[in-house]
Amino acid sequence: MFKDGVRLRCVACGYAAEADPWLFLCPRCGNLMEVVMPGAGGFDWESARRRRFGVWRYRELLPLSDGVVPVTLGEGGTPLIKVARVSSGSVFVKFEGANPTGSFKDRGMTVGVTIAKHLGVEGVLVASTGNTAASAAAYAARAGLRCVVVLPRGGVAKGKLAQAFLHGAEILEVDGVFDDALKEVLEEAVVKGRRDLYPLNSYNPWRLEGQKTLAFELVDELGEPPDCVVVPVGNAGNISAIWKGFRELYEFGLASKLPRMIGVQAEGAAPLVKTWASRSNSLVAVEKPVTVASAIRIGKPVNWLKALKAVDESRGALLAVSDEEIIKSMRDLAALEGVGVEPASAASLAGYRKALELGVIDEDSVTVLVATGHALKDPDVVSKFSDAARAAQKQTRALH
Ligand code: F0G
(Lines give C-alpha, C1' and ligand atoms only; values in the text may rest on other atoms or scores of the structure.)
Protein backbone atom coordinates (compact mmCIF):
# COMPACT_ATOMS: atom_id res chain seq x y z
CA MET A 1 0.00 0.00 0.00
CA PHE A 2 2.88 2.40 0.78
CA LYS A 3 5.71 3.54 -1.50
CA ASP A 4 9.10 1.86 -1.17
CA GLY A 5 11.27 3.51 1.44
CA VAL A 6 8.43 5.11 3.42
CA ARG A 7 9.07 4.64 7.16
CA LEU A 8 7.75 5.67 10.55
CA ARG A 9 9.75 7.44 13.26
CA CYS A 10 8.96 8.35 16.85
CA VAL A 11 8.80 12.11 17.38
CA ALA A 12 10.30 11.82 20.86
CA CYS A 13 13.01 9.13 20.83
CA GLY A 14 13.62 8.66 17.11
CA TYR A 15 12.74 4.93 17.11
CA ALA A 16 12.42 3.89 13.46
CA ALA A 17 9.91 1.37 12.13
CA GLU A 18 8.64 -0.06 8.85
CA ALA A 19 5.58 1.62 7.32
CA ASP A 20 2.61 0.12 9.17
CA PRO A 21 -0.94 1.52 9.00
CA TRP A 22 -1.65 0.26 12.53
CA LEU A 23 1.41 1.60 14.34
CA PHE A 24 0.43 4.84 16.10
CA LEU A 25 2.48 4.84 19.29
CA CYS A 26 6.19 4.22 19.69
CA PRO A 27 6.82 0.68 21.02
CA ARG A 28 9.84 2.03 22.90
CA CYS A 29 8.62 5.24 24.59
CA GLY A 30 4.89 5.47 23.84
CA ASN A 31 5.02 8.81 22.04
CA LEU A 32 3.56 9.52 18.59
CA MET A 33 4.98 8.29 15.30
CA GLU A 34 5.45 10.39 12.18
CA VAL A 35 5.79 9.36 8.54
CA VAL A 36 9.22 9.71 6.93
CA MET A 37 9.20 10.11 3.15
CA PRO A 38 12.16 8.74 1.23
CA GLY A 39 12.33 11.69 -1.21
CA ALA A 40 10.31 13.66 -3.74
CA GLY A 41 9.62 10.61 -5.94
CA GLY A 42 10.27 12.54 -9.16
CA PHE A 43 7.82 15.34 -8.29
CA ASP A 44 8.18 18.61 -10.17
CA TRP A 45 5.93 21.67 -10.01
CA GLU A 46 5.45 22.03 -13.74
CA SER A 47 4.10 18.55 -14.42
CA ALA A 48 2.05 18.67 -11.23
CA ARG A 49 0.34 21.88 -12.37
CA ARG A 50 -1.20 20.03 -15.31
CA ARG A 51 -3.30 18.06 -12.81
CA ARG A 52 -6.41 19.21 -10.95
CA PHE A 53 -5.59 21.64 -8.11
CA GLY A 54 -6.05 19.74 -4.83
CA VAL A 55 -4.65 17.06 -2.54
CA TRP A 56 -3.93 14.45 -5.25
CA ARG A 57 -1.96 16.88 -7.45
CA TYR A 58 0.94 16.11 -5.08
CA ARG A 59 0.66 12.34 -5.30
CA GLU A 60 4.45 11.76 -5.51
CA LEU A 61 4.83 13.53 -2.17
CA LEU A 62 2.20 11.35 -0.47
CA PRO A 63 3.13 7.96 1.01
CA LEU A 64 0.57 5.84 -0.88
CA SER A 65 1.74 3.70 -3.82
CA ASP A 66 0.67 4.76 -7.29
CA GLY A 67 -1.67 1.78 -7.69
CA VAL A 68 -3.86 2.72 -4.71
CA VAL A 69 -7.14 4.26 -5.89
CA PRO A 70 -8.09 7.31 -3.76
CA VAL A 71 -11.45 7.70 -2.05
CA THR A 72 -12.02 11.31 -3.04
CA LEU A 73 -14.61 14.08 -3.14
CA GLY A 74 -12.34 16.64 -4.84
CA GLU A 75 -10.82 17.99 -1.61
CA GLY A 76 -8.15 20.71 -1.39
CA GLY A 77 -7.56 23.30 -4.07
CA THR A 78 -9.18 25.87 -1.78
CA PRO A 79 -9.17 29.65 -2.49
CA LEU A 80 -6.28 31.83 -1.36
CA ILE A 81 -7.82 35.26 -0.80
CA LYS A 82 -5.79 38.46 -0.39
CA VAL A 83 -7.42 40.52 2.34
CA ALA A 84 -8.35 44.08 1.45
CA ARG A 85 -9.73 45.63 4.64
CA VAL A 86 -9.01 43.68 7.81
CA SER A 87 -5.30 44.42 7.49
CA SER A 88 -3.08 46.69 5.43
CA GLY A 89 -0.37 44.03 5.58
CA SER A 90 0.39 41.42 2.95
CA VAL A 91 -2.16 38.96 4.28
CA PHE A 92 -3.96 36.07 2.62
CA VAL A 93 -6.74 33.82 3.91
CA LYS A 94 -6.58 30.15 2.91
CA PHE A 95 -10.28 29.34 2.95
CA GLU A 96 -10.53 25.71 4.01
CA GLY A 97 -14.29 26.10 4.45
CA ALA A 98 -14.44 25.55 0.69
CA ASN A 99 -13.61 21.84 1.10
CA PRO A 100 -16.36 19.27 0.31
CA THR A 101 -17.59 18.97 3.92
CA GLY A 102 -16.61 22.52 4.84
CA SER A 103 -13.32 22.03 6.71
CA PHE A 104 -9.63 21.17 6.29
CA LYS A 105 -10.30 17.70 7.71
CA ASP A 106 -11.18 16.49 4.20
CA ARG A 107 -7.52 16.69 3.19
CA GLY A 108 -6.67 14.12 5.84
CA MET A 109 -9.76 11.98 5.41
CA THR A 110 -9.22 11.39 1.70
CA VAL A 111 -5.89 9.75 2.61
CA GLY A 112 -7.07 8.08 5.83
CA VAL A 113 -10.25 6.57 4.37
CA THR A 114 -8.33 5.43 1.27
CA ILE A 115 -6.07 3.45 3.62
CA ALA A 116 -9.06 2.07 5.56
CA LYS A 117 -10.69 0.94 2.30
CA HIS A 118 -7.46 -0.70 1.16
CA LEU A 119 -7.13 -2.53 4.50
CA GLY A 120 -10.57 -4.04 4.02
CA VAL A 121 -11.83 -2.99 7.48
CA GLU A 122 -15.51 -2.70 8.33
CA GLY A 123 -15.42 0.98 9.09
CA VAL A 124 -13.66 3.96 10.64
CA LEU A 125 -13.68 5.35 14.18
CA VAL A 126 -13.12 8.94 15.37
CA ALA A 127 -13.58 11.16 18.42
CA SER A 128 -14.43 14.70 17.44
CA THR A 129 -15.43 18.25 18.25
CA GLY A 130 -17.49 17.94 15.05
CA ASN A 131 -15.55 18.57 11.86
CA THR A 132 -13.59 15.33 11.96
CA ALA A 133 -16.90 13.51 12.47
CA ALA A 134 -18.58 15.26 9.52
CA SER A 135 -15.61 14.58 7.27
CA ALA A 136 -15.08 10.96 8.33
CA ALA A 137 -18.81 10.29 7.87
CA ALA A 138 -18.83 11.67 4.33
CA TYR A 139 -15.67 9.87 3.19
CA ALA A 140 -16.75 6.61 4.83
CA ALA A 141 -20.07 6.86 2.98
CA ARG A 142 -18.17 7.47 -0.25
CA ALA A 143 -16.09 4.34 0.42
CA GLY A 144 -19.06 2.20 1.50
CA LEU A 145 -17.70 1.85 5.06
CA ARG A 146 -19.26 2.24 8.50
CA CYS A 147 -18.41 5.36 10.47
CA VAL A 148 -18.53 5.41 14.27
CA VAL A 149 -18.06 8.80 15.94
CA VAL A 150 -17.62 9.59 19.63
CA LEU A 151 -18.66 13.13 20.56
CA PRO A 152 -18.70 15.28 23.71
CA ARG A 153 -22.38 15.55 24.64
CA GLY A 154 -23.63 19.10 24.04
CA GLY A 155 -20.22 20.21 22.77
CA VAL A 156 -20.67 19.93 19.01
CA ALA A 157 -21.96 22.70 16.73
CA LYS A 158 -25.28 22.00 15.04
CA GLY A 159 -24.09 22.02 11.42
CA LYS A 160 -21.43 19.40 12.11
CA LEU A 161 -23.78 17.11 14.02
CA ALA A 162 -26.32 17.39 11.20
CA GLN A 163 -23.66 16.38 8.66
CA ALA A 164 -22.61 13.34 10.70
CA PHE A 165 -26.26 12.17 10.82
CA LEU A 166 -26.86 13.01 7.15
CA HIS A 167 -23.91 10.87 6.04
CA GLY A 168 -25.13 7.97 8.15
CA ALA A 169 -22.60 7.91 10.99
CA GLU A 170 -23.28 5.90 14.16
CA ILE A 171 -23.04 8.43 16.97
CA LEU A 172 -21.97 7.80 20.56
CA GLU A 173 -21.99 10.68 23.05
CA VAL A 174 -19.87 10.84 26.17
CA ASP A 175 -20.30 13.10 29.18
CA GLY A 176 -17.30 15.36 29.23
CA VAL A 177 -15.17 17.20 26.70
CA PHE A 178 -13.36 16.13 23.53
CA ASP A 179 -10.43 14.81 25.58
CA ASP A 180 -12.77 12.27 27.23
CA ALA A 181 -14.13 11.20 23.84
CA LEU A 182 -10.62 10.73 22.48
CA LYS A 183 -9.65 8.66 25.51
CA GLU A 184 -12.48 6.22 24.68
CA VAL A 185 -11.30 5.92 21.09
CA LEU A 186 -7.66 5.41 22.12
CA GLU A 187 -8.81 2.72 24.55
CA GLU A 188 -10.69 0.80 21.82
CA ALA A 189 -8.27 1.29 18.98
CA VAL A 190 -4.86 1.28 20.61
CA VAL A 191 -5.09 -0.34 24.06
CA LYS A 192 -7.53 -3.13 23.10
CA GLY A 193 -5.99 -3.39 19.61
CA ARG A 194 -9.33 -3.55 17.84
CA ARG A 195 -8.96 -4.10 14.08
CA ASP A 196 -12.48 -3.92 12.65
CA LEU A 197 -12.66 -0.13 12.80
CA TYR A 198 -9.73 1.98 11.56
CA PRO A 199 -9.04 4.95 13.89
CA LEU A 200 -8.67 8.27 12.10
CA ASN A 201 -7.91 10.83 14.77
CA SER A 202 -4.80 12.91 14.32
CA TYR A 203 -2.61 10.53 16.34
CA ASN A 204 -2.85 8.53 13.11
CA PRO A 205 0.20 9.88 11.22
CA TRP A 206 -1.12 8.68 7.84
CA ARG A 207 -4.14 10.98 7.99
CA LEU A 208 -1.86 13.95 8.67
CA GLU A 209 -0.05 13.22 5.40
CA GLY A 210 -3.12 14.49 3.56
CA GLN A 211 -3.18 17.65 5.65
CA LYS A 212 0.41 18.56 4.76
CA THR A 213 -0.81 19.36 1.22
CA LEU A 214 -2.00 22.77 2.44
CA ALA A 215 1.68 23.76 2.54
CA PHE A 216 2.15 22.44 -1.01
CA GLU A 217 -0.79 24.49 -2.29
CA LEU A 218 0.57 27.69 -0.74
CA VAL A 219 3.95 27.26 -2.42
CA ASP A 220 2.24 26.24 -5.64
CA GLU A 221 0.22 29.48 -5.71
CA LEU A 222 2.61 31.99 -4.13
CA GLY A 223 5.75 30.64 -5.84
CA GLU A 224 7.52 30.32 -2.47
CA PRO A 225 6.51 29.77 1.16
CA PRO A 226 5.00 32.80 2.92
CA ASP A 227 6.93 34.36 5.83
CA CYS A 228 4.32 33.32 8.39
CA VAL A 229 1.43 30.86 8.59
CA VAL A 230 -1.15 31.39 11.35
CA VAL A 231 -3.12 28.30 12.39
CA PRO A 232 -5.86 27.77 15.00
CA VAL A 233 -4.75 24.94 17.28
CA GLY A 234 -6.88 22.32 19.03
CA ASN A 235 -5.53 18.78 19.05
CA ALA A 236 -2.52 20.26 17.22
CA GLY A 237 -2.46 17.86 14.26
CA ASN A 238 -2.92 20.51 11.60
CA ILE A 239 -0.10 22.86 12.58
CA SER A 240 2.21 19.82 12.78
CA ALA A 241 1.10 18.53 9.38
CA ILE A 242 1.43 21.90 7.63
CA TRP A 243 4.93 22.36 9.05
CA LYS A 244 5.88 18.84 7.89
CA GLY A 245 4.76 19.80 4.38
CA PHE A 246 7.00 22.88 4.30
CA ARG A 247 9.92 20.98 5.81
CA GLU A 248 9.70 18.27 3.16
CA LEU A 249 9.56 20.78 0.30
CA TYR A 250 12.67 22.44 1.72
CA GLU A 251 14.53 19.15 2.28
CA PHE A 252 13.68 17.89 -1.22
CA GLY A 253 14.84 21.13 -2.87
CA LEU A 254 11.30 22.13 -3.91
CA ALA A 255 11.23 25.35 -1.86
CA SER A 256 14.06 27.68 -0.91
CA LYS A 257 12.94 28.80 2.54
CA LEU A 258 10.72 27.93 5.50
CA PRO A 259 7.90 29.96 7.07
CA ARG A 260 7.34 30.71 10.75
CA MET A 261 4.44 28.79 12.26
CA ILE A 262 2.17 30.77 14.58
CA GLY A 263 -0.31 28.64 16.56
CA VAL A 264 -3.37 30.25 18.14
CA GLN A 265 -5.54 28.92 20.96
CA ALA A 266 -8.50 30.35 22.84
CA GLU A 267 -7.59 31.74 26.28
CA GLY A 268 -9.82 29.23 28.11
CA ALA A 269 -8.39 26.29 26.16
CA ALA A 270 -4.70 27.09 25.80
CA PRO A 271 -2.67 24.11 27.05
CA LEU A 272 -0.03 24.49 24.34
CA VAL A 273 0.41 28.20 24.92
CA LYS A 274 0.94 27.46 28.62
CA THR A 275 3.35 24.60 27.90
CA TRP A 276 5.34 26.70 25.44
CA ALA A 277 5.46 29.80 27.63
CA SER A 278 6.61 27.84 30.68
CA ARG A 279 9.22 25.87 28.67
CA SER A 280 7.81 22.73 30.28
CA ASN A 281 9.00 19.31 29.08
CA SER A 282 5.59 17.83 29.65
CA LEU A 283 2.15 19.00 28.60
CA VAL A 284 0.48 21.55 30.89
CA ALA A 285 -3.05 20.18 30.45
CA VAL A 286 -6.27 22.16 30.91
CA GLU A 287 -8.84 19.96 32.68
CA LYS A 288 -11.96 21.96 31.80
CA PRO A 289 -11.37 23.83 28.55
CA VAL A 290 -13.88 26.63 27.84
CA THR A 291 -14.32 28.76 24.74
CA VAL A 292 -17.05 29.83 22.34
CA ALA A 293 -14.97 28.15 19.61
CA SER A 294 -16.15 24.57 20.23
CA ALA A 295 -13.89 23.12 17.50
CA ILE A 296 -10.79 23.94 19.55
CA ARG A 297 -12.26 23.31 23.02
CA ILE A 298 -9.47 20.85 23.85
CA GLY A 299 -7.38 20.61 27.01
CA LYS A 300 -5.00 17.72 26.27
CA PRO A 301 -3.82 17.99 22.66
CA VAL A 302 -2.46 14.62 21.63
CA ASN A 303 0.00 16.13 19.11
CA TRP A 304 1.47 18.56 21.66
CA LEU A 305 5.07 17.49 21.14
CA LYS A 306 4.86 17.61 17.34
CA ALA A 307 3.32 21.08 17.53
CA LEU A 308 5.94 22.42 19.93
CA LYS A 309 8.62 21.17 17.55
CA ALA A 310 6.90 22.89 14.62
CA VAL A 311 6.82 26.19 16.50
CA ASP A 312 10.38 25.95 17.84
CA GLU A 313 12.01 24.67 14.64
CA SER A 314 10.30 27.44 12.64
CA ARG A 315 11.10 30.18 15.21
CA GLY A 316 7.36 30.73 15.50
CA ALA A 317 5.08 31.41 18.46
CA LEU A 318 2.00 30.19 20.32
CA LEU A 319 -0.53 32.84 21.30
CA ALA A 320 -3.82 32.92 23.17
CA VAL A 321 -6.79 35.10 22.15
CA SER A 322 -10.00 35.88 24.01
CA ASP A 323 -13.46 34.79 22.89
CA GLU A 324 -14.30 38.47 22.27
CA GLU A 325 -11.32 38.79 19.93
CA ILE A 326 -12.36 35.60 18.13
CA ILE A 327 -15.93 36.84 17.62
CA LYS A 328 -14.78 40.25 16.43
CA SER A 329 -12.41 38.62 13.93
CA MET A 330 -15.18 36.31 12.72
CA ARG A 331 -17.47 39.28 12.11
CA ASP A 332 -14.73 41.32 10.42
CA LEU A 333 -13.76 38.51 8.05
CA ALA A 334 -17.40 38.04 7.12
CA ALA A 335 -18.54 41.66 6.86
CA LEU A 336 -15.36 43.27 5.54
CA GLU A 337 -13.92 40.51 3.35
CA GLY A 338 -16.88 38.30 2.46
CA VAL A 339 -15.22 35.27 4.05
CA GLY A 340 -17.61 33.35 6.33
CA VAL A 341 -15.80 31.18 8.86
CA GLU A 342 -16.72 29.39 12.07
CA PRO A 343 -15.42 30.81 15.38
CA ALA A 344 -12.35 28.53 15.72
CA SER A 345 -11.18 29.57 12.27
CA ALA A 346 -11.38 33.25 13.15
CA ALA A 347 -8.76 32.59 15.83
CA SER A 348 -6.20 32.92 13.03
CA LEU A 349 -7.10 36.57 12.35
CA ALA A 350 -7.39 37.27 16.08
CA GLY A 351 -3.97 35.67 16.54
CA TYR A 352 -2.48 37.66 13.68
CA ARG A 353 -3.72 40.90 15.26
CA LYS A 354 -2.23 39.86 18.59
CA ALA A 355 1.07 38.93 16.94
CA LEU A 356 1.27 42.40 15.35
CA GLU A 357 0.47 44.01 18.68
CA LEU A 358 3.16 42.01 20.48
CA GLY A 359 5.71 42.60 17.74
CA VAL A 360 5.90 38.87 16.95
CA ILE A 361 5.11 39.60 13.27
CA ASP A 362 5.43 42.84 11.33
CA GLU A 363 3.09 44.09 8.62
CA ASP A 364 5.66 43.53 5.87
CA SER A 365 5.67 39.77 6.46
CA VAL A 366 3.70 37.84 3.86
CA THR A 367 1.26 36.02 6.11
CA VAL A 368 -1.32 33.30 5.49
CA LEU A 369 -4.22 32.88 7.89
CA VAL A 370 -5.62 29.36 7.76
CA ALA A 371 -9.42 29.64 7.93
CA THR A 372 -10.14 26.07 8.92
CA GLY A 373 -13.95 25.76 8.68
CA HIS A 374 -17.08 27.30 7.14
CA ALA A 375 -19.46 29.71 8.92
CA LEU A 376 -22.44 27.39 8.37
CA LYS A 377 -20.84 24.81 10.64
CA ASP A 378 -21.94 26.73 13.73
CA PRO A 379 -25.26 28.45 12.98
CA ASP A 380 -26.05 29.09 16.67
CA VAL A 381 -22.93 31.08 17.47
CA VAL A 382 -22.85 32.79 14.07
CA SER A 383 -26.47 33.98 14.30
CA LYS A 384 -26.25 34.91 17.98
CA PHE A 385 -23.45 37.36 17.32
CA SER A 386 -24.92 38.57 14.05
CA ASP A 387 -28.15 39.39 15.92
CA ALA A 388 -26.13 41.30 18.49
CA ALA A 389 -24.46 43.26 15.70
CA ARG A 390 -27.81 44.04 14.10
CA ALA A 391 -29.26 45.24 17.41
CA ALA A 392 -26.24 47.47 17.93
CA GLN A 393 -26.95 49.26 14.66
CA LYS A 394 -30.28 50.41 16.15
CA GLN A 395 -31.86 50.89 12.74
CA THR A 396 -30.22 54.30 12.45
CA ARG A 397 -29.88 54.11 8.71
CA ALA A 398 -33.12 54.75 6.92
CA LEU A 399 -33.44 53.83 3.25
CA HIS A 400 -32.46 56.66 0.97
N1 F0G B 1 -10.31 24.64 13.32
C2 F0G B 1 -11.38 23.84 13.18
C3 F0G B 1 -12.56 24.39 12.47
C4 F0G B 1 -11.36 22.52 13.69
O5 F0G B 1 -12.43 21.75 13.53
C6 F0G B 1 -10.22 22.07 14.39
C7 F0G B 1 -10.17 20.74 14.97
C8 F0G B 1 -9.13 22.95 14.48
C9 F0G B 1 -9.21 24.22 13.95
C10 F0G B 1 -7.87 22.55 15.17
O11 F0G B 1 -7.15 21.60 14.44
O12 F0G B 1 -7.02 19.79 16.12
O13 F0G B 1 -5.52 19.82 14.14
O14 F0G B 1 -5.22 21.46 15.97
N15 F0G B 1 -11.14 19.96 15.06
C16 F0G B 1 -11.08 18.58 15.53
C17 F0G B 1 -12.38 17.85 15.25
C18 F0G B 1 -10.54 18.40 16.88
O19 F0G B 1 -12.69 16.88 15.95
O20 F0G B 1 -13.08 18.23 14.32
P21 F0G B 1 -6.16 20.61 15.20
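Look up: the structure comes first, before these words.
Computed from a predicted model, the values in this text were never measured in an experiment.

Chemist: Looking at this model, I keep getting lost on the layout of surface pockets. Mind explaining?
Modeler: Vacant regions in the atomic arrangement are exposed by a probe of water-molecule size rolled over the atoms. Its boundaries defined by the atoms lining it, the largest pocket holds a volume of some 350 Å³. Lining the largest pocket we find 18 residues, and of these Leu182, Leu186, Lys300, Pro301 and Val302 sit closest to its centre. Counting only elements with at least two residues in the lining of the largest pocket, the list comes to helix 5 (178–191) and helix 10 (304–313). The leading source of residues in the lining of the largest pocket is helix 5, at 5 residues. Split by residue class, the lining of the largest pocket holds 10 nonpolar, 3 polar and 5 charged.

Chemist: What's the story with empty space enclosed by the protein in this structure? I'm lost.
Modeler: A complete count under the given rule lists 1 cavity of 30 Å³ or more for this structure. Put simply, the largest cavity is a space of about 330 Å³. Taken together, 28 residues make up the lining of the largest cavity; nearest its centre are Phe104, Lys105, Gly234, Asn235 and Ala295. When residues in the lining of the largest cavity are grouped by element, the largest group, 3 residues, is from helix 8 (residues 237–251). A breakdown of the residues in the lining of the largest cavity according to their chemical character gives 11 nonpolar, 14 polar and 3 charged.

Chemist: What am I meant to see in the packing of helix 7 (residues 213–222) against helix 8 here?
Modeler: Packed helices, taken two at a time, are described by the angle their axes make and the gap between the axes. Interhelical geometry of helix 7 versus helix 8 gives an angle of 55° and a closest axis separation of 6 Å. Classed by the angle they form, the pair helix 7 and helix 8 counts as oblique. Where helix 7 abuts helix 8, its residues Leu214, Ala215, Phe216, Leu218 and Val219 lie against Ile242, Gly245, Phe246, Glu248 and Leu249. Looking at side-chain class alone, the contact of helix 7 with helix 8 contains 8 nonpolar, 1 polar and 1 charged residues.

Chemist: For this particular structure, what's the right way to read the pairing of strand 13 (residues 367–371)?
Modeler: Regular strands have side chains that alternate between both faces of the sheet. Of all 5 residues in strand 13, 5 are buried, a share of seventy percent or more. Every second residue of strand 13 is oriented toward a common face, with Thr367, Leu369 and Ala371 on one face and Val368 and Val370 on the other, all of them buried. Where strand 5 (residues 91–95) lies against strand 13, 5 bridges are found, and the strand directions are parallel. Residue pairing across strands places Phe95 opposite Ala371, the latter belonging to strand 13. One ladder, built from 3 bridges, connects strand 10 (residues 228–232) with strand 13; its direction is parallel.

Chemist: Got a minute to help me understand the sheet that holds strand 11 (residues 260–266) in this structure?
Modeler: Hydrogen bonds between backbone groups are what pair the strands of a sheet, and the pairing can be parallel or antiparallel. Taken in spatial order, the 6 strands of this open sheet run 4-5-13-10-11-12, and their pairing is mixed. Because the sheet does not close on itself, it has two edges, and the strands there are strand 4 (80–82) and strand 12 (317–321). Neighbour-to-neighbour, the strand axes of the sheet open up by a mean angle of 25°, direction not taken into account. Sitting on the sheet, helix 8 touches strand 10, strand 11 and strand 13, and the angle it makes with strand 11 is about 175°. Helix 12 (residues 343–358) rests against strand 5, strand 10, strand 11, strand 12 and strand 13 of the sheet, and its axis sits at about 110° to strand 12.

Chemist: Looking at this model, I keep getting lost on the pairing of strand 10. Mind explaining?
Modeler: With 5 of its 5 residues buried, strand 10 lies for the most part within the structure. With burial as the criterion, each face of strand 10 is covered, one bearing Cys228, Val230 and Pro232 and the other bearing Val229 and Val231. Direction of pairing for strand 10 relative to strand 11: parallel, over a ladder of 5 bridges. Residue Val230 lies in a different strand from strand 11, and its bridge partner there is Ile262. With respect to chirality, the unit in which strand 10 leads through helix 8 into the neighbouring parallel strand 11 is right-handed.

Chemist: How do you make sense of the pattern of salt bridges when you look at a structure like this?
Modeler: Should the charged atoms of two oppositely charged side chains come close, the side chains can pair. On inspection of all chains with the given rule, the structure shows 30 salt bridges. Glu173 is the partner of Arg153 in a salt bridge, and the nearest nitrogen-oxygen pair spans 3.6 Å. Linking Arg153 in the loop between strand 7 (146–152) and helix 4 (158–166) with Glu173 in strand 8 (residues 170–174), this pair joins segments that are 20 residues apart in sequence. Under the relative-accessibility criterion, Glu173 is labelled partly exposed at 37%. Among the ionic pairs, Asp175 bridges to Arg153, the shortest N-O distance being 2.7 Å. A residue pair is termed long-range when its members are at least 10 positions apart, and Asp175 in the loop between strand 8 and helix 5 and Arg153 in the loop between strand 7 and helix 4 qualify at 22 residues.

Chemist: I keep staring at the side chain of Ser87 and nothing clicks. Help me out?
Modeler: With respect to the helices and strands, the residue Ser87 is situated in the loop between strand 4 and strand 5. In this structure the side chain of Ser87 is engaged in a polar contact, spanning 2.9 Å, whose partner is the backbone nitrogen of Gly89. Among residues more than four places away in sequence, those in contact with Ser87 are Tyr352 and Glu363.

Chemist: Help me understand the site of the ligand in this model?
Modeler: Surveying the vicinity of the ligand reveals 21 residues, the closest of which are Ser128, Thr129, Asn235, Ala236 and Thr372. At a separation of 2.7 Å, an oxygen atom of the ligand approaches a polar backbone atom of Ala236. Contacts to the ligand include Asn238, whose backbone N or O atom sits 2.8 Å from an oxygen atom. Bound to the protein, the ligand loses 99% of the 480 Å² it would expose on its own. If you map the ligand onto the pockets, it falls in the largest cavity. Its residues placed into classes, the shell around the ligand shows 8 nonpolar, 11 polar and 2 charged.

Quick notes on the rules
- Residues numbered from 1 in each chain as written.
- Predicted model: local features only at pLDDT ≥ 70, side-chain atom pairs only at ≥ 80, totals over all residues.
- Heavy atoms only, no water.
- 1 Å grid on protein atoms, 1.4 Å probe; cavity = no way out; pocket = protein on both sides within 12 Å on 5 of 7 lines; lining within 4 Å.
- Points joined across faces, edges and corners; volume = space filled by probe spheres on them.
- Helix = DSSP H or I, 4+ residues; strand = E, 2+ residues; numbered from the N terminus.
- Nonpolar A, V, L, I, M, F, W, Y, C, P; charged D, E, K, R; others polar.
- Axes fitted to C-alpha atoms, helices over the stretch in contact; angles between N-to-C directions.
- Parallel < 35°, antiparallel > 145°, perpendicular 65-115°, else oblique.
- Contact = heavy atoms within 4.5 Å.
- Buried < 20%, exposed > 50% of the residue type's maximum accessible area, 1.4 Å probe, protein only.
- Pairing = 2+ DSSP bridges.
- Right-handed = clockwise from strand over helix to strand, strands pointing away.
- Salt bridge = Lys/Arg side-chain N within 4 Å of Asp/Glu carboxyl O.
- Polar contact = N/O pair within 3.5 Å; in protein donor to acceptor, adjacent residues only side chain to side chain.
- Near = heavy atom within 4 Å.
- Areas by Shrake-Rupley, 256 points an atom, 1.4 Å probe, with all protein chains shown as cover.
- Sits in = over half its atoms within 2 Å of the grid points.

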